[in-house]
Amino acid sequence: MKIHEGDARGIFAAFGLPVPPSRFITKAEEAGPVAEELGCPVVVKAQVLVGGRGKAGGVKLASDPIEAVEKAKAILGMDIKGLTVEKVLIAKAVDISKEFYVGMVVDRITRKPLMMISAEGGIDIEEVAKSAPEKILKVVIDPITGLLPFQTRKMASFLTSDKDVARQLGPVFRSLYQAFMEIDSSLAEINPLVVSPDGKVWAIDAKINIDDNSLYRHEDIRALRDDSMEDAGEVEAREADLSFVKLDGSIGCIVNGAGLAMATMDMIKYYGAEPANFLDIGGSSSPEKVLSAMKIILRDKNVKAILVNIFGGITRCDDVAKGLLEAKKRLGIDIPLVVRLTGTNEEEARELLRGTELVSADTMDEGVKKAIEIANA
Ligand code: GDP
Ligand code: MN
């Protein structure tokens with residue numbers, strides 16, 4: 001789950017990071033009093049859950065409260081990478097003499113927390129990773145020992161030769177690591193971490209992603225979720241307890257089990273087409289779940305055919321078949337359905353589907369090919 005910069009700043013501040021004060025607003029007029037309160041200059045920042053807001057014109061400096069209102073007016077309602085700006089953050093601005101990048105991720109290779117830093121901050125870090133990887137220092141942290149003093153010293157000296165700045169960086173690295181661990185973050189990033197002309201270090205941007213599987217133990221963070229920033233289908237799927245990820249292809253997929261769902265997507269690609277989604281309806285799939293899945297897939301106007309690929313273990317094929325028939329009746333589906341059901345109660349399922357318009361397939365291979373053929377027709 002992603003959270004807004006303003007909320008991420010709050011978390012960072014609670015862990016002791018040097019974050020300038022800020023307030024959310026949703027109406028441009030509110031920028032005036034907030035700018036007054038914080039003290040100018042301020043920076044007016046679009047709160048959308050994508051990166052590169054600066055480049056898109058969603059981050060603007062204002063030198064007085066009147067200008068803050070003007071900038072807020074310009075940014076509210078703006079479209080940034082398909083997301084509408086409904087909220088902006090007014091933050092006390094900082095003069096910048098140096099910009100660093102500092103980020104934490106979970107490293108898949110060492111299976112440990114990894115801190116990444118670079119003196120090339122402010123800009124696209126992915127670009128630096130590609131064009132000048134030597135400008136990024138990666139430090140693997142053992143979660144048993146935590147971040148060790150020699151590591152923070154090494155990182156500080158990689159970024160600066162200024163002793164006063166280096167002294168402030170140690171606590172920044174430690175606080176970022178601590179925040180990352182305690183809130184079960186999958187990514188925590190400060191880009192840029194800046195040094196002001198008077199030599200003080202400030203975190204002027206904040207990005208935090210939280211591992212969805214940990215949200216059950218972070219009630220306060222879960223409350224920060226902003227549904228308006230997500231695909232409507234993904235929100236609906238979460239509510240219906242389905243794992244769904246929207247993709248850009250034309251073949252809708254209803255599959256049980258994440259492994260089979262991945263294999264189905266691979267096979268669709270193998271035969272030259274693109275899946276419209278990843279969808280795992282889970283182990284015990286009631287007819288209602290199939291109905292919800294169908295509704296979510298039908299929102300996507302790119303879908304030309306739907307492939308239902310079920311391996312009946314705990315899931316009963318006849319339950320799925322009932323769900324499909326119910327969906328066909330209730331939702332008036334005019335998109336062709338290709339169905340491959342195998343395993344528990346497959347005979348009963350086949351009986352239920354006999355004589356309907358559903359295209360049946362005996363194997364996964366055949367199902368995928370038929371779905372592609374129909375989608376391309
Ligand atoms: P992003 O583009 O979505 O990553 O948004 P950022 O918060 O990183 O802002 C983009 C850029 O705006 C930064 O890299 C800075 O160059 C500039 N910026 C943001 N806040 C301030 C500030 O307080 N003072 C100054 N001078 N520039 C800022
Ligand atoms: Mn940034």
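Residues numbered from 1 in each chain as written. Chains lettered and ligands numbered in written order. Predicted model: local features only at pLDDT ≥ 70, side-chain atom pairs only at ≥ 80, totals over all residues. Heavy atoms only, no water.

**Q** Please provide a residue-by-residue account of the overall build of the protein, values included.
**A** Of the regular secondary structure elements, the protein holds 13 helices and 18 strands. For the protein, the spread of C-alpha atoms along the three principal axes comes to 80 × 50 × 40 Å. The buried share of the protein, reckoned over its 377 residues, is 50%. The long-range fraction of contacts in the protein, counting pairs at least 24 apart against all pairs at least 6 apart in sequence, stands at 67%. Here the protein has roughly 18,200 Å² of accessible surface; of this, 52% comes from carbon and sulfur atoms. Here the protein contributes 48 positively and 58 negatively charged side chains, and the mean placements of these two sets differ by 3 Å. (Helix = DSSP H or I, 4+ residues; strand = E, 2+ residues; numbered from the N terminus. Buried < 20%, exposed > 50% of the residue type's maximum accessible area, 1.4 Å probe, protein only. Contact = heavy atoms within 4.5 Å. Areas by Shrake-Rupley, 256 points an atom, 1.4 Å probe, with all protein chains shown as cover. Lys, Arg positive; Asp, Glu negative; His and termini not counted. Charge placed at Lys NZ, Arg CZ, Asp CG, Glu CD.)

**Q** Tell me what's going on with the packing of helix α5 (residues 149-159) against helix α6 (residues 163-182), and back it up with residues and numbers.
**A** Each pair of packed helices can be described by the angle between their axes along with the distance between the axes. Packing of α5 against α6 brings their axes to within 9 Å, and their N-to-C directions diverge by 125°. In terms of orientation, α5 lies oblique with respect to α6. Viewed along their axes, α5 and α6 form a crossing whose handedness is right-handed. Listed contacts from α6 to Thr-152, Met-155, Ala-156 and Leu-159 of α5 are Ala-166, Leu-169, Gly-170, Phe-173 and Arg-174. Grouping the constituent residues of the contact of α5 with α6 by class yields 6 nonpolar, 2 polar and 1 charged. (Axes fitted to C-alpha atoms, helices over the stretch in contact; angles between N-to-C directions. Parallel < 35°, antiparallel > 145°, perpendicular 65-115°, else oblique. Left-handed = near helix turned anticlockwise from the far one by under 90°. Nonpolar A, V, L, I, M, F, W, Y, C, P; charged D, E, K, R; others polar.)

**Q** Requested: an account of the packing of aromatic side chains, with residues and values cited.
**A** The tally for this structure, following the rule as stated, stands at 1 aromatic pair. Judged by centre distance (5.1 Å) and plane angle (75°), the ring pair of Tyr-270 and Tyr-271 falls under edge-to-face. Here the guanidinium or amino end of Lys-87 rests over the ring plane of Phe-24, the centre of that ring lying 4.2 Å away. Over the ring of Trp-202 we find Lys-200, and its NZ or CZ is 4.4 Å from the ring centre. (Phe/Tyr/Trp six-rings, centres within 6.5 Å; stacked < 30°, edge-to-face > 60°. Lys NZ or Arg CZ within 6 Å of the ring centre and 35° of its normal.)

**Q** Mind laying out the nonpolar core, listing which residues take part and the relevant values?
**A** Core analysis: the biggest nonpolar cluster contains 40 residues, and Phe-12, Met-115, Phe-173, Leu-176 and Leu-193 have the highest contact counts within it. The element that contributes the greatest number of residues to this core is α6, accounting for 8 residues. When neighbours within four sequence positions are excluded, Leu-193 is seen to be in contact with Lys-98, Glu-99, Phe-100, Val-102, Leu-169, Val-172, Val-201, Trp-202 and Ala-203. If you look at the next biggest cluster of nonpolar residues, it comprises 31 residues, including Phe-244, Leu-298, Val-320 and Ala-349. (Core = buried A, V, L, I, M, F, W, Y, C linked by side-chain atoms within 4.5 Å.)

**Q** Summarise the domain arrangement of the protein; cite the residues concerned and give the values.
**A** On domain assignment, one finds that the protein holds domain 1 (21-92), domain 2 (98-222) and domain 3 (231-376). Between domain 2 and domain 3, the C-alpha centre-to-centre distance is 42 Å. (Domains from an automatic or database assignment.)

**Q** Any details on the site of ligand 1? Residues and values, ideally.
**A** Ligand 1 sits among 16 residues. The nearest are Lys-45, Arg-53, Gly-54, Val-94 and Asp-205. Note that an oxygen atom of ligand 1 is positioned 2.5 Å from one of the side-chain N or O atoms of Lys-45. Within the backbone of Gly-54, a nitrogen or oxygen atom sits 2.8 Å from an oxygen atom of ligand 1. Burial of ligand 1 by the protein amounts to 80% of the accessible area it has alone, namely 560 Å². Elements with a contribution of two residues or more to the shell around ligand 1: β2 (42-46), β3 (59-62) and β10 (185-195). (Near = heavy atom within 4 Å. Polar contact = N/O pair within 3.5 Å; in protein donor to acceptor, adjacent residues only side chain to side chain.)

**Q** For the pairing of strand β17 (residues 337-343), give the residues involved together with the corresponding values.
**A** Within β17, 6 of the 7 residues are buried, leaving the element largely enclosed by the surrounding structure. Across 7 bridges, the pairing between strand β16 (residues 305-312) and β17 is parallel. Its bridge partner lying in β17, Asn-309 is registered against Arg-340. Taking the sense of rotation as the criterion, the β-α-β connection linking β16, helix α11 (residues 317-331) and β17 turns out right-handed. Two strands pair when backbone bridges link them, and β17 and strand β18 (residues 359-360) are joined in this way by 2 bridges, in the parallel orientation. The residue bridging Val-339 from the neighbouring strand is Ser-360, located in β18. Following the backbone out of β17, through helix α12 (residues 346-353) and into the adjacent parallel β18, one traces a crossover that is right-handed. (Pairing = 2+ DSSP bridges. Right-handed = clockwise from strand over helix to strand, strands pointing away.)

**Q** Explain the coordination of the manganese ion (ligand 2) residue by residue, including any values.
**A** Protein coordination at the manganese ion (ligand 2) comes from Asn-191 (O) and Asp-205 (OD), with a distance range of 2.1 to 2.2 Å. Of this pair, Asn-191 sits in strand β10 while Asp-205 sits in the loop between β11 (201-203) and β12 (207-210), and the two are 14 residues apart along the sequence. In this structure, Asn-191 and Asp-205 share a single accessibility class: buried. (Donors = N, O, S within 2.8 Å, 3.2 Å for Na, K, Ca; no water.)

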